[in-house]
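# Analysis of the macromolecular model
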Amino acid sequence: MFLKILGGGQEVGRAAYLVIDKNKYFLLDYGVNFDEEDHPQFPLHVRPIDLSGIAITHAHLDHIGAAPLLYITGKPPLYVTKPTLDIGKLLINDFLKLNAYYVDYDIGEFETMATKAKFMEYGVEEEAGEFTLLFTDAGHILGSSMIYLETPSGHRILYTGDVNTIQTWTLNRAQLWPIKIDTLIIESTYGSTKHPPRHMSEKRLIDAIEEVIDSGGTVLIPAFSVGRTQEVMCLVQAELPHVNIYVDGMSRDITNIYLKYKNFLRDPAMFQKAVENTFFIRGWSDRRKAWKTPSVIISSAGMLKGGPSVYYLKKISDNPKNAVFLVSYQAPNSPGHILLEKGKLEELGIEEMRARLEWFDLSSHAGKDGLLSIMLRYKHVLKNIVIIHGEPESTTKLASMAREALGKDINIYTPSNGEEIKLEA
Ligand SMILES: [Zn+2]
Ligand SMILES: [Zn+2]
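Residues numbered from 1 in each chain as written. Chains lettered and ligands numbered in written order. Predicted model: local features only at pLDDT ≥ 70, side-chain atom pairs only at ≥ 80, totals over all residues. Heavy atoms only, no water.

As a further point, take the overall build of the chain. A count of helices and strands for the chain gives 12 helices and 22 strands. The C-alpha radius of gyration computed for the chain amounts to 22 Å, which stays within 12% of the reference 22 Å derived for 425 residues, consistent with globular compactness. Dimensions of the chain along its principal axes, counting C-alpha atoms only, are 65 × 50 × 40 Å. Expressed as a percentage of contacts within the chain between residues at least 6 apart in sequence, the contacts between residues at least 24 apart total 73%. Summed over all atoms, the accessible surface of the chain reaches about 17500 Å², with 48% contributed by carbon and sulfur. (Helix = DSSP H or I, 4+ residues; strand = E, 2+ residues; numbered from the N terminus. Rg over C-alpha atoms; globule rule 2.2 N^0.38 Å. Contact = heavy atoms within 4.5 Å. Areas by Shrake-Rupley, 256 points an atom, 1.4 Å probe, with all protein chains shown as cover.)

Written out as C-alpha cells, the structure reads:
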C-alpha cells in the first residue's frame, strides 16, 4: 500500500492524501492553501477517473476547497457528512467571490459534486468500491470527522483530519473507534504546543468580559464564523446570562446550519437557548446601535481580515473602557497578529490602540498532549504514523515526542508534498 502526499506535507493547509492499493485509488481531503499574497494554492493533480472515491473530513477550505476541481471532468463518489456539505457550500461561495480569477472551477462544479454525495453517519460503515469507510466525530467543527479506511488488501488506516480531543461547549470530544489500525495519519497543527487547560482560558475570558461590561465598555470578539463564534456565544450566554450578545457576519447562516443538524451537537437544548438569547445583526442600522451600549459583539473575520469586525474595531479602539479580545489563531502578518504585536494597525488607520487588547487560547485543534493520546490509544497495533498538516517545526517535534513515547517498532514519517511512502501492515 502506498500513500502519496498531494498537499499538507510539512504545511498547514491544502490537505490531500492519496491512498493507493492494488491499483485502486482513494483520496482523503482535497483542500486549498493561501500564499503570502493570499492567493489560493492547490494540491498536486490527481486524475478523477482513477478514484474509487473521495472522502472529506470537514468543511474548512484547507480540506474541501479544491475538491470541486475533480468534478470538471470526473464524477467520483463523495463521502461526507451533511453539515460538511452545507457549511462547505457557504465557505466555497465566499472563497469564489474573492478568488474567482485564480480558481478553475465555479459553483456549478460544487453542485455536480453535491449530486455525487453519499452522506455518512458517525459509526456506520460504507463501501466505496473495494475500500471500506467509517466516520467518527473529530470534535473540531460541526460535522467534522475522523476517517477509518480499509484498503483492498486489508490495510487499516485512521486519518484524523483536524481533531480536538477535549469536549467543548458545542461539540463532543473526538471519538476513537476500538478497532485495530495499521497506519495513523495525524494532523500536527499544534504538534509542539501545549494548550492551557480550556476551563482556565474560558475563566480568564469571562472575567475580562465582566470587568469591561461592569465599567460600561463594549467587548469586540473577532471570531471565525464556523465553530469559534458558536463556542463563544454558548460560553458567554452560560456564564454571563445578563450580558447582551450580538453576532455579526456570515455566522448567522452558519449558526442556522448548526441548528439544522442538532444531532451533531453535544447539547442541542443548551445551543438552542444560546441562539434564542443572541441578537443577530441584520444590517447597518443594527450595526450602528450594537457598539454604543455595553455588550459583547462576536463578529467575523477572526483575524480582522475584513468583515464587520473591522468596522467595530475602528469604532471602539479609541476608548480605553472598551476591549478587543482575540480568540482565534492569528496567522503571521494577519492584521490581528500585527495589532497584538505593535498595539496599532496603520493599514486600518488605527494609530494607537486605546481599548484593552488580549488573546485567548480557545483552539479547536488538539495540542501535543491530545495528539499523543491518540497515538498511545493504538500503540499496541500501530505499524506506521504519518505526521502531516503542520509547520516543519511542529511535525518534527511531534515525531520526536512520538518516538520517545512509542519506541522503535513504529515507523514515523514526516513527508513533504509529492512524496510517496510505501507502508507495510
Ligand atoms: Zn479545520
Ligand atoms: Zn485543517
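This brings us to the coordination of the zinc ion (ligand 1). The zinc ion (ligand 1) binds to the protein through His58 (NE2), His60 (ND1), His140 (NE2) and Asp162 (OD), with metal-donor distances spanning 2.1 to 2.3 Å. Here the zinc ion (ligand 1) binds four donor atoms, and the angle range of 91 to 164° at the metal identifies the geometry as irregular. Each donor residue of the zinc ion (ligand 1) lies on one chain, and together they are spaced H-x1-H-x79-H-x21-D. If you look at the zinc ion (ligand 1) and the zinc ion (ligand 2), they sit 3.6 Å from each other and are both ligated by aspartate 162. Here histidine 58 is found in the loop between strand S6 (51–55) and helix H1 (61–64), whereas its partner aspartate 162 is found in the loop between strand S12 (156–159) and strand S13 (183–187), with 104 residues between them in sequence. On the basis of relative accessibility, which here comes to 2%, the residue aspartate 162 falls in the buried class. (Donors = N, O, S within 2.8 Å, 3.2 Å for Na, K, Ca; no water. Tetrahedral: all angles 85-135°; square planar, octahedral: opposite > 155°, others 65-115°. Buried < 20%, exposed > 50% of the residue type's maximum accessible area, 1.4 Å probe, protein only.)

Moving on to the domain arrangement of the chain. What the domain assignment reports for the chain is domain 1 (2–193 + 364–422) and domain 2 (198–359). When the two sides are added together, the surface that domain 1 and domain 2 hide from each other amounts to roughly 2300 Å², 64% of it contributed by carbon and sulfur. Contact with domain 2 buries surface across domain 1, with Leu142, Trp169 and Thr170 losing the most and accounting together for 37% of the total. Counting every contact that joins domain 1 to domain 2 gives two salt bridges. The closest approach of N and O atoms between aspartate 86 and lysine 260, which form a salt bridge, is 2.8 Å. Viewed at the interface, domain 2 and domain 1 are joined by 11 residue pairs in polar contact (both at pLDDT 80 or more). Class assignment for the residues of the side of domain 1 that touches domain 2 results in 11 nonpolar, eight polar and four charged. (Domains from an automatic or database assignment. Buried area = accessible area lost by both parts, 1.4 Å probe. Salt bridge = Lys/Arg side-chain N within 4 Å of Asp/Glu carboxyl O. Polar contact = N/O pair within 3.5 Å; in protein donor to acceptor, adjacent residues only side chain to side chain. Nonpolar A, V, L, I, M, F, W, Y, C, P; charged D, E, K, R; others polar.)

On to the packing of aromatic side chains, then. Using the criterion set out here, one finds 12 aromatic pairs in the structure. Seen from their ring centres, tyrosine 101 and tyrosine 102 are 5.1 Å apart, and the 90° between their planes marks the pair as edge-to-face. Geometrically, the ring pair formed by phenylalanine 325 and phenylalanine 360 is edge-to-face, given 5.3 Å between the ring centres and 75° between the ring planes. Taken as a pair, phenylalanine 325 in strand S18 (residues 323–326) and phenylalanine 360 in the loop between strand S19 (356–359) and helix H11 (368–377) lie far apart in primary sequence, 35 residues in all. Residue classification places phenylalanine 325 among the buried residues on the basis of a relative accessible area of 0%. One Lys or Arg, arginine 377, reaches over the ring of tyrosine 378 and ends 6.0 Å from the middle of that ring. (Phe/Tyr/Trp six-rings, centres within 6.5 Å; stacked < 30°, edge-to-face > 60°. Lys NZ or Arg CZ within 6 Å of the ring centre and 35° of its normal.)

With that settled, the discussion passes to the sheet that holds strand S8 (residues 117–119). Overall, mixed pairing links the seven strands, which are arranged S8-S7-S6-S3-S2-S1-S22 in an open sheet. Bordering the open sheet on either side are S8 and strand S22 (420–422), each of which pairs with just one other strand. The sheet shows a mean angle of 20° between the axes of neighbouring strands, direction not considered. The pairing of strand S7 (residues 78–80) with S8 spans three bridges and is classified as parallel. Its bridge partner lying in S8, leucine 78 is registered against alanine 117. Strand contacts of helix H2 (residues 82–99): S7 and S8, with the helix running at about 100° to S7, the strand carrying the most contacts. (Pairing = 2+ DSSP bridges. Axes fitted to C-alpha atoms, helices over the stretch in contact; angles between N-to-C directions.)

Now for the coordination of the zinc ion (ligand 2). Donor atoms from the polypeptide that coordinate the zinc ion (ligand 2) comprise Asp62 (OD), His63 (NE2), Asp162 (OD) and His389 (NE2), at 2.2 Å from the metal. Each of the four donor atoms around the zinc ion (ligand 2) contributes to a set of angles spanning 87 to 155°, which defines the coordination as irregular. Mapped onto the sequence, the donors of the zinc ion (ligand 2) take the spacing D-H-x98-D-x226-H.

Time to look at the pairing of S19. Across four bridges, the pairing between S18 and S19 is parallel. In the strand pairing of S19, valine 324 is matched with leucine 357.

Before going further, it helps to examine the pairing of strand S3 (residues 24–28). Note that strand S2 (residues 16–21) and S3 share five bridges and pair antiparallel. Opposite leucine 18, over in S3, you have leucine 27 as the bridge partner. In this structure, the hairpin formed by S2 and S3 is closed by a connection of two residues, where lysine 22 is found at a positive phi of approximately 50°.

What follows is about the sheet that holds strand S21 (residues 411–413). Hydrogen bonds between backbone groups are what pair the strands of a sheet, and the pairing can be parallel or antiparallel. Taken together, the seven strands give an open sheet; going across it, the order is S9-S10-S11-S12-S13-S20-S21, and neighbouring strands pair in mixed fashion. Unpaired on one side and paired on the other, strand S9 (126–128) and S21 mark the two borders of the sheet. Strand-to-strand twist in this sheet, taken as the mean axis angle between neighbours without regard to direction, amounts to 20°. Where strand S11 (residues 145–150) lies against S12, four bridges are found, and the strand directions are antiparallel. Residue pairing across strands places tyrosine 148 opposite leucine 158, the latter belonging to S12.

Viewed as axis vectors pointing N to C, helix H5 (residues 228–239) and helix H6 (residues 251–260) meet at an angle of 75°, and their least axial separation amounts to 10 Å. It follows from the interaxial angle that H5 and H6 lie roughly perpendicular. Contact residues: H5 offers Thr229, Gln230 and Met233, while H6 offers Ser251, Ile254, Thr255 and Tyr258. Grouping the constituent residues of the contact of H5 with H6 by class yields three nonpolar, four polar and no charged. (Parallel < 35°, antiparallel > 145°, perpendicular 65-115°, else oblique.)

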